[in-house]
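Coordinate inspection notes
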Amino acid sequence: MWVCSKLWRVQTAARQWRGLLPASGCHGPAASSYSASAEPARVRALVYGHHGDPAKVVELKNLELAAVGGSDVRVKMLAAPINPSDINMIQGNYGLLPELPAVGGNEGVAQVVAVGSSVTGLKPGDWVIPANAGLGTWRTEAVFSEEALIQVPNDIPLQSAATLGVNPCTAYRMLMDFEQLQPGDSVIQNASNSGVGQAVIQIAAALGLRTINVVRDRPDIQKLSDRLKSLGAEHVITEEELRRPEMKNFFKDMPQPRLALNCVGGKSSTELLRQLARGGTMVTYGGMAKQPVIASVSLLIFKDLKLRGFWLSQWKKDHSPDQFKELILTLCDLICRGQLTAPACSQVPLQDYQSALEASMKPFMSSKQILTM
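In this report, the structure presented in the accompanying data block is examined. The structure displayed is predicted, hence computed values, not measured ones.

Another point: the overall build of the chain. Tallying secondary structure elements over the chain gives 13 helices and 18 strands in all. Counting across all 373 residues of the chain, residues that qualify as buried make up 52%. Considering only intrachain contacts with a sequence separation of at least 6, the fraction spanning at least 24 residues in the chain is 72%. Surface accessibility of the chain: about 16,500 Å² in total, with carbon and sulfur atoms responsible for 51%.

Right, here's the structure in full:
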């Protein structure tokens, strides 16, 4: 049920939710203050009213578009991906949860349609991405505050712009913030065909770092290996190969990694730890296996390994908006130089969201689902 007397808001970004109201004919104080006219514009949005299986709880709704205030920006969404964090948020097991009902999606790219009288940094035609999670990007149009958006170049590929704000940012910060790596140093990671994994490969290559990329075995493993190597991966190995005793000979020709990036947990993370050089760091940023990280006592004592975690939303809280904008511009520069491309993507029209949600949750899915509006 829609609750007519309550504004939609996200706990961490209440002002950013001014964009939409339920198209239900409500006329309470909150609704009337946002009505642009007697017949406000209608937009389509993917909405969930309670947590659960995304394929069951997400619905395509017709909503009313709010009026543009002085500091507001009206945008037309162009494309928005489905990320694992989006799925976790809908399921109710993520570190940041919006109040319900909520529009899904935390990432995407939009084009500015109109701006309020007080807006100075944006103009119609500009491309923008969300400054923070919780904005709700799975919709055709919205009205946001200017401070909720970051401008990006409108001459970069659409898929690169749509997938810029989460995975590449995570990859870059993990490569830069935990170990002082130098060109020629190596990094090992699991889930290497994920969106973050593909970004790690490319950014590491641009920094002169060598990567050891672990993936699950699969029927088309050679095809996947070739694709990751085309992005700049030096080595692609399976989880099974990582566990073999022969791995001790692997580092005769390259330095042991000082940094491991873990998105899986369980046995996979334990194996990553075993490969680290003395004093190295393993950063965990995901838990696809839904199993705990298990570190042997001997590795912690005799190799002095460090276990850390990374969450982009927390990094943003700890840094200024200008620092995040600087990060985005750094990544845009890599895109313009051809050193960072979007992950393998499948573009799906918004109305076909059910198939996109289902595909995004399938195992061995190497193609990121991107909703187009």
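Moving on from the model shown.
For the pair helix H6 (residues 195-206) and helix H7 (residues 221-231), the least separation of the axes is 8 Å and the interaxial angle reads 40 degrees. Classed by the angle they form, the pair H6 and H7 counts as oblique. In this structure, H6 contributes Gln-198, Ile-201 and Gln-202 to the contact, and H7 contributes Arg-227, Leu-228 and Leu-231.

What follows concerns the packing of aromatic side chains. As enumerated under the stated definition, the model contains 3 aromatic pairs in all. With 5.9 Å between their ring centres and 80 degrees between their planes, Tyr-94 and Trp-311 make a pair best called edge-to-face. Taken together, the positions of Tyr-94 in the loop between helix H3 (84-91) and strand E5 (102-103) and Trp-311 in the loop between strand E16 (306-309) and helix H11 (312-318) put the pair 217 residues apart, joining distant regions of the chain. Judged by its relative accessible area of 28%, Trp-311 falls in the partly exposed class.

Let us look at the pattern of salt bridges. The full count for this structure, using the stated rule, is 10 salt bridges. Residue Glu-59 is joined to Lys-61 by a salt bridge in which the shortest nitrogen-to-oxygen separation is 3.9 Å. For the salt bridge of Arg-74 with Glu-141, the shortest nitrogen-to-oxygen distance reads 2.9 Å. Here the residue Arg-74 occupies a position in strand E4 (residues 72-81), and Glu-141 occupies one in strand E8 (residues 141-145), the gap between them amounting to 67 residues. Judged by relative accessible area, Arg-74 falls into the partly exposed class, the value being 24%. Residues joined by salt bridges that share partners form a network here, namely Glu-179, Asp-185, Arg-258 and Lys-306.

Moving on to the nonpolar core. Ranked by internal contacts, the top residues of the largest apolar core, which has 47 residues, are Leu-175, Ile-203, Leu-261, Ile-328 and Leu-331. Per-element accounting of this core gives the leading share, 7 residues, to helix H12 (residues 321-336). For this core, the domains that each give at least three residues are domain 1 (43-163 + 343-372) and domain 2 (167-313). Ignoring any residue separated from it by four or fewer positions in sequence, one finds Leu-261 in contact with Met-174, Leu-175, Val-187, Ile-188, Gln-189, Asn-190, Val-200, Leu-272, Val-283 and Tyr-285. Counting 19 residues, the second-largest nonpolar core is a separate cluster that includes Leu-46, Tyr-48, Leu-350 and Ala-356.

Let's shift gears to the environment of Gly-108. If you trace the backbone, Gly-108 turns up in the loop between E5 and strand E6 (109-115). For the pair Gly-108 and Ile-370, spaced 262 residues apart in the sequence, the C-alpha separation amounts to 8.8 Å. Among all residues touching Gly-108, those that are not within four sequence positions of it are Met-77, Ala-79, Ala-80, Pro-81, Val-128, Ile-129, Pro-130, Thr-137, Ala-161 and Ala-162.

Looking now at the environment of Phe-251. One can find Phe-251 in the loop between helix H8 (239-242) and strand E13 (259-262). Taking the relative accessible area as the measure of exposure, Phe-251 reaches 15% and is therefore buried. Taking the C-alpha atoms as reference points, Phe-251 and Gln-275, 24 residues apart in sequence, are found 9.1 Å from one another. In this structure, Phe-251 is in contact with Ile-212, Gln-256, Pro-257 and Gln-275, ignoring residues within four places of it in sequence.

Cut-offs and rules
- Residues numbered from 1 in each chain as written.
- Predicted model: local features only at pLDDT ≥ 70, side-chain atom pairs only at ≥ 80, totals over all residues.
- Heavy atoms only, no water.
- Helix = DSSP H or I, 4+ residues; strand = E, 2+ residues; numbered from the N terminus.
- Buried < 20%, exposed > 50% of the residue type's maximum accessible area, 1.4 Å probe, protein only.
- Contact = heavy atoms within 4.5 Å.
- Areas by Shrake-Rupley, 256 points an atom, 1.4 Å probe, with all protein chains shown as cover.
- Axes fitted to C-alpha atoms, helices over the stretch in contact; angles between N-to-C directions.
- Parallel < 35°, antiparallel > 145°, perpendicular 65-115°, else oblique.
- Phe/Tyr/Trp six-rings, centres within 6.5 Å; stacked < 30°, edge-to-face > 60°.
- Salt bridge = Lys/Arg side-chain N within 4 Å of Asp/Glu carboxyl O.
- Core = buried A, V, L, I, M, F, W, Y, C linked by side-chain atoms within 4.5 Å.
- Domains from an automatic or database assignment.

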